[in-house]
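This is what each chain is made of:
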Amino acid sequence: MVLIVDDIKANIIALKKTLELHNIDVDTAESGEEALKKILKTSYCLIIMDVQMPGLDGFEVVKILSGNKRTKDIPVIFLSALNIEKKYIFKGYETGAVEYITKPVDSDLLILKVKTFLKLYEQQRELQGIKELLSKEIIIRKEAQDNLEIKIAERTKELVQKNEELEMKNHELQQFSWVVSHDLNEPIRKIQIFIKIIKELYLANDAKAVDYVNRTIKSAERMQTLITDLLAYSRLSSQVKPEVTDLNEVLQEVLSDFDYLIERKNATIKTNELPTIDSIPSQLRQVFQNLIGNALKFSGNSQHPLIEITSELIADKSFESPVSPQGKFCRITVKDNGIGFDEIYLDRIFIIFQSLNDRQSYEGTGIGLAIAKKIIEKHNGLITAKSQVGKGASFIIILPLKYEQL
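On a predicted model such as this, the values are computed, not experimentally measured, just so you know.

Criteria and cut-off values
- Residues numbered from 1 in each chain as written.
- Predicted model: local features only at pLDDT ≥ 70, side-chain atom pairs only at ≥ 80, totals over all residues.
- Heavy atoms only, no water.
- Helix = DSSP H or I, 4+ residues; strand = E, 2+ residues; numbered from the N terminus.
- Buried < 20%, exposed > 50% of the residue type's maximum accessible area, 1.4 Å probe, protein only.
- Contact = heavy atoms within 4.5 Å.
- Areas by Shrake-Rupley, 256 points an atom, 1.4 Å probe, with all protein chains shown as cover.
- Salt bridge = Lys/Arg side-chain N within 4 Å of Asp/Glu carboxyl O.
- Core = buried A, V, L, I, M, F, W, Y, C linked by side-chain atoms within 4.5 Å.
- Pairing = 2+ DSSP bridges.

**Description of the overall build of the protein chain**
Stage number 1. Each helix and strand in the protein chain was counted, giving 11 helices and 12 strands.
Stage number 2. In the protein chain, buried positions account for 40% of the 406 residues.
Stage number 3. Within the protein chain, contacts between residues at least 6 apart in sequence are counted, and of these 66% link residues at least 24 apart.
Stage number 4. Put simply, the protein chain shows about 23,400 Å² of open surface, and 52% of that area lies on carbon and sulfur atoms.

In C-alpha cells, the structure reads:
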C-alpha cells in the first residue's frame, strides 16, 4: 500500500485517483503528525510526501522515520512546488528520500517510478523470505547434526556470500530500472515520432534536410537497440553470446553517430588499426559511445578538440603489460585534450549516478562510465583512467582477444 501525505486535500484526491487507476492501493494523511501515527500502525511499501506542510514538514517526518529501525527502509518520494532549489533537493536526499520531484508532476513518470519502487519492495520481501528460510535451514542443521559443525559453517558462509551478491544485484537493478525504462526509452521514442513528422510535413523538397533527418532516425533506432541491450545486460542476462567482432567497424558506427557534433566542435579524431575480438558488439559500441561522447562533451573551451584512439597487443591482462605482437590481449586507449579531472576521484567516476561536474553545464545521467565498467568486466577485461585537471584524460581498456567463460 502507498501512503500519500499532503495538507491540501485536493492534491490528495487527484494523486489518489491517478494511482488507483493503475490498481495501486492507497492510504492518505493530511499532516505529518497523522502520517507518523498511521506509519506506526500500518506497513507501507512507499510514501509520497509533500515537503511544505504546517506542523511537521516533510523533511522532519522523514528524519523521524529514518531514525526508527522498523521504518527506516520505507522508500519516500518528495513532491514540492515551492522548495525546488538545489539546497532543498539535496536536503531531501540527505534526510533519506529516494526521489525528489518538483511540481507540476509528470503523472506518467510518477506512476512509472511508483511501480518501480513497488516492484523493488516485492523483490526485497522475497529476498527477506529467502533470508528467513536460509536462517531456519541453518538452525535445523545445527540442531540435527552437531557432529557436522564444520560443514554447516562452510554452508553458512556460502549462503551469506550468495545473499550478499543477490543484494548487490538487486541494488544495481533498482538504480538501472527507472533510468533505462523511461529516461532513455521515452525521449528516443518521442524523437523518432517528431522527426518523422517534420520530415513528412516540412522537408519533402529539401534533399539535404531529408538526408540529415534520415541519419537522425537511424541513430535513434540504433540508440533504442542499445537501450534494449543494456536493459537485458542490467538484468545480468547470461543468454547473450559473444561473437567475432571487428572493433574498427564498431568504432566507425560510433563516429558516424557523432559526425554532426564532431563537425560542430571542429574536433579531430585520430585512430589506428583496432583488433578483431570475441565480444558482444552492441555493448562495446556503448563503451565507445560513452568514452567518445564524454571526450566531446568535456572538451571545455578548446578550439580544436583532439581525440586519439589507439590499440596495441600486449602479453597479459595488465595495464603495465609490455607490447607483444603475439599477445592474447589488447590495450585500447581513448585520449582527449579536454578539461580532465583530479585522479583522487578515479574510483568515483565509475560508480553509477556519480558525476564530478556541474550538471547544469554538462548534461548527463551519471551512468555512462559505470555502464562501461560493467561491460568491460563482463568481457573479462579491465578499465581505468589517467588524467590531470585541464590537461585531458586517457581511458585505458584491456580486453582478451578470445572470450573465455569465467
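**Side note on the pattern of salt bridges**
When charged atoms on two side chains of opposite charge get close, those side chains can pair.
Stage number 1. Under the criterion given, the structure shown has 8 salt bridges.
Stage number 2. A salt bridge links R215 to D211; the nearest nitrogen and oxygen atoms lie 3.4 Å apart. Here the residue R215 and the residue D211 both occupy positions in helix 7 (residues 207-234), the gap between them amounting to 4 residues, near one helical turn.
Stage number 3. Put simply, K373 and E377 hold a salt bridge, and the shortest N to O gap is 2.4 Å. Residue K373 and its partner E377 are located together in helix 11 (residues 368-378), separated by 4 residues, close to a single helical turn.
Stage number 4. Since its relative accessible area comes to 27%, K373 is described here as partly exposed.
Stage number 5. Classification of E377 by relative accessible area gives partly exposed; the value is 36%.
Stage number 6. Through salt bridges with shared partners, one network takes in D27, E34 and K38.

**A look at the nonpolar core**
Stage number 1. The biggest cluster of nonpolar side chains holds 38 residues, and the ones touching the most others in it are F288, I292 and F395.
Stage number 2. Within the residue set of this core, elements represented by two or more residues are helix 8 (247-257), helix 10 (281-297), strand 9 (306-314), strand 10 (329-336), helix 11, strand 11 (382-387) and strand 12 (393-400).
Stage number 3. No other element matches the 7 residues that helix 10 contributes to this core.
Stage number 4. The contacts of I292, once residues within four sequence positions are left out, are L251, V254, L255, F258, I307 and I309.
Stage number 5. Core analysis: the second largest hydrophobic core is formed by 20 residues, V5, I47, M49 and F59 among them.

**Section: the pairing of strand 10**
Stage number 1. Counting buried positions over the 8 residues of strand 10 gives 7, a clear majority of the element.
Stage number 2. Summarising the sheet, strand 9 and strand 10 pair through 8 bridges and their orientation is antiparallel. Following the sheet pairing, T310 is matched in strand 10 by T333.
Stage number 3. Of the strand pairs in this sheet, strand 10 and strand 12 are connected by 7 bridges, and their pairing is antiparallel.

Everything listed is a geometric property; what it means functionally is a separate question.
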